[in-house]
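Spelled out from the first residue to the last, the chains are:
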Amino acid sequence: MEKAKKEKLLSLPTPCYVIDEAALISNLETLNRVERETGCHVLLAQKAFSAYHVYPLIARYISGTTASGIFEARLAHEEMGNRQIHVFSPAYRDEEFDELTGICDHIVFNSFSQWKHFREKALSCKNVSFGLRINPEYSEIETKIYDPCFTGSRLGITLENFEENELDGISGLHFHTMCEQGADTLERTLRAVEEKFGKYLYKMKWINFGGGHHITRKDYDVDLLISCINRIKQKYGLEVYIEPGEAVAMNAGYLVCSVLDRTKNGIEIAVVDTSAACHMPDVLEMPYRPYIIGSGMPDELKYTYRLGAPTCLAGDVIGDYSFDEPLDIGDRLIFTDMAIYSMVKNNTFNGMPLPSIYLLEKDGNTRLLRKFGYEDFKSRL
Ligand SMILES: *Cc1c(COP(=O)(O)O)cnc(C)c1O
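Conventions we followed
Residues numbered from 1 in each chain as written. Predicted model: local features only at pLDDT ≥ 70, side-chain atom pairs only at ≥ 80, totals over all residues. Heavy atoms only, no water. Pairing = 2+ DSSP bridges. Helix = DSSP H or I, 4+ residues; strand = E, 2+ residues; numbered from the N terminus. Axes fitted to C-alpha atoms, helices over the stretch in contact; angles between N-to-C directions. Parallel < 35°, antiparallel > 145°, perpendicular 65-115°, else oblique. Left-handed = near helix turned anticlockwise from the far one by under 90°. Contact = heavy atoms within 4.5 Å. Nonpolar A, V, L, I, M, F, W, Y, C, P; charged D, E, K, R; others polar. Near = heavy atom within 4 Å. Polar contact = N/O pair within 3.5 Å; in protein donor to acceptor, adjacent residues only side chain to side chain. Areas by Shrake-Rupley, 256 points an atom, 1.4 Å probe, with all protein chains shown as cover. Domains from an automatic or database assignment. Buried area = accessible area lost by both parts, 1.4 Å probe. Salt bridge = Lys/Arg side-chain N within 4 Å of Asp/Glu carboxyl O.

A.B. asks: Quick question: what am I supposed to make of the sheet that holds strand β3 (residues 64–67) here?
C.D. replies: Sheet strands line up and pair through hydrogen bonds in the backbone, either parallel or antiparallel. A barrel is described by the order of its strands in space; here 8 strands give the closed sequence β2-β3-β4-β5-β6-β7-β8-β9, paired in parallel fashion. Across the sheet, the mean angle from the axis of one strand to that of its neighbour is 25°, orientation sign disregarded. Here strand β7 (residues 172–174) pairs with strand β8 (residues 206–208) via 3 bridges, running parallel. From the neighbouring strand, Leu-173 faces β8, where its bridge partner is Ile-207.

Here's what the structure looks like:
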């Protein structure tokens, strides 16, 4: 990281998330290229990143958003301007459905029973296109919590349960079976989708490839994605949608924290003013080890510390990291790739304060977007 940028980040009050506008734009340019070279529509999956302050920026590059229910749909409606809004939920409530038909372009159902429950209402909505989520029973995800194709999964309709006589009013099929994967996985997944559901695709207007495409990762094969989309478009005469979450804001954010205390118990310990459980829950859930700028693996650099949170949860440990210099109280650390699945998942467990949200603008200035306090803790209880 350039020195000036790093200095800027280190000068902010902690804990704070920082959205990196230049990095976000670079991701959006890649996604925009996919739209331009295929005519497909890229939708931000808000589940991963809902920092609506930058929705107007995102809207300049991609077609719109996808939502998991009425709250995310409303957020897009209020903050993204006149862009497409798609929604998928495993089950809609009656009252939610009426609101959704007023603001969404596409509504995807998870089962034939949901489709039949809402069909009559749906058919009276002329401006909404309806689809079904299928389960092609093919996925390459090894972590069960992220695999929608595990045995007994509630997500999507399997071929065995597909009611081909109930398709009147259905214009599209949706699948979502990937997680942080490359275009090669998509290519193989499409073969499985076509093998099972290909004959229905000829009758549809659109297909949605879901999320989990790591399009903005350095080694991602964007050309292969483009050729997959173009092949499906041409073969079946379909509009294609993809709805990445991670890929939109990957490596476009930081979490800056400060060292509060240092102790020892066999190893050196540093307590920081951020928490894995509260501010970066995927560290414990996924689990994974976030990178800290200037750090190494344990014992790789001269001074190794276990970084833990100021909560009472014994396991609220971010990881073991080594540094060139010893850590002192007040030192700042910068975690990378903290825009996605962080702000949307954080919580105030144990009375932990929520990190502020800053935007690092592309000209290098920082701007405070949101600051949180005691009321944000109290108002949810
Ligand atoms: C989670 C999800 C996405 C986004 O997934 P990423 O891994 O963040 O790209 C897209 N569509 C659906 C239906 C999802 O559940």
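A.B. asks: Please clarify how the packing of helix α4 (residues 70–79) against helix α5 (residues 94–103) should be interpreted in this entry.
C.D. replies: Packed helix pairs are characterised by how far apart their axes lie and by the angle those axes make with each other. Relative to each other, α4 and α5 sit at 25°, their axes nearing to 10 Å. By the angle class used here, α4 and α5 are roughly parallel. Crossing hand, α4 versus α5: left-handed. Counting all contacts with α4, which are made through Ile-70, Ala-73, Arg-74 and His-77, the residues of α5 involved are Glu-96, Glu-99, Leu-100 and Ile-103. Here the residues of the contact of α4 with α5 sort into 4 nonpolar, 1 polar and 3 charged.

A.B. asks: Before we go on, may I ask you to explain the site of the ligand in this structure?
C.D. replies: Around the ligand, the surrounding shell holds 13 residues, and the nearest of these are Lys-47, Gly-212, Glu-243, Gly-245 and Tyr-341. One of the side-chain nitrogen or oxygen atoms of Lys-47 is found 2.8 Å away from an oxygen atom of the ligand. Protein burial of the ligand: of its 390 Å² of free accessible surface, 89% is covered by the chains. When the residues that make up the shell around the ligand are grouped by side-chain class, the tally is 4 nonpolar, 5 polar and 4 charged.

A.B. asks: Sorry, what's going on with the domain arrangement of the protein chain here?
C.D. replies: How big an interface is tends to be stated in terms of accessible area lost as the parts join. Entries for the protein chain in the domain assignment read domain 1 (3–18 + 253–338 + 346–379) and domain 2 (39–249). For domain 1 versus domain 2, the distance between C-alpha centres works out to 34 Å. Facing 7 residues of domain 1, the contacting portion of domain 2 comprises 7 residues. Together domain 1 and domain 2 conceal approximately 610 Å² of surface at their shared face, both sides included; 61% is due to carbon and sulfur atoms. Of all residues in domain 1, Glu-285, Met-286 and Leu-369 bury the most surface against domain 2, accounting for 66% of the area lost on that side. The interface formed by domain 1 and domain 2 holds 0 salt bridges in total. Counting the contacts that link domain 1 with domain 2 gives 0 residue pairs in polar contact (both at pLDDT 80 or more). Tallied by class, residues from the side of domain 1 that touches domain 2 come to 3 nonpolar, no polar and 4 charged.

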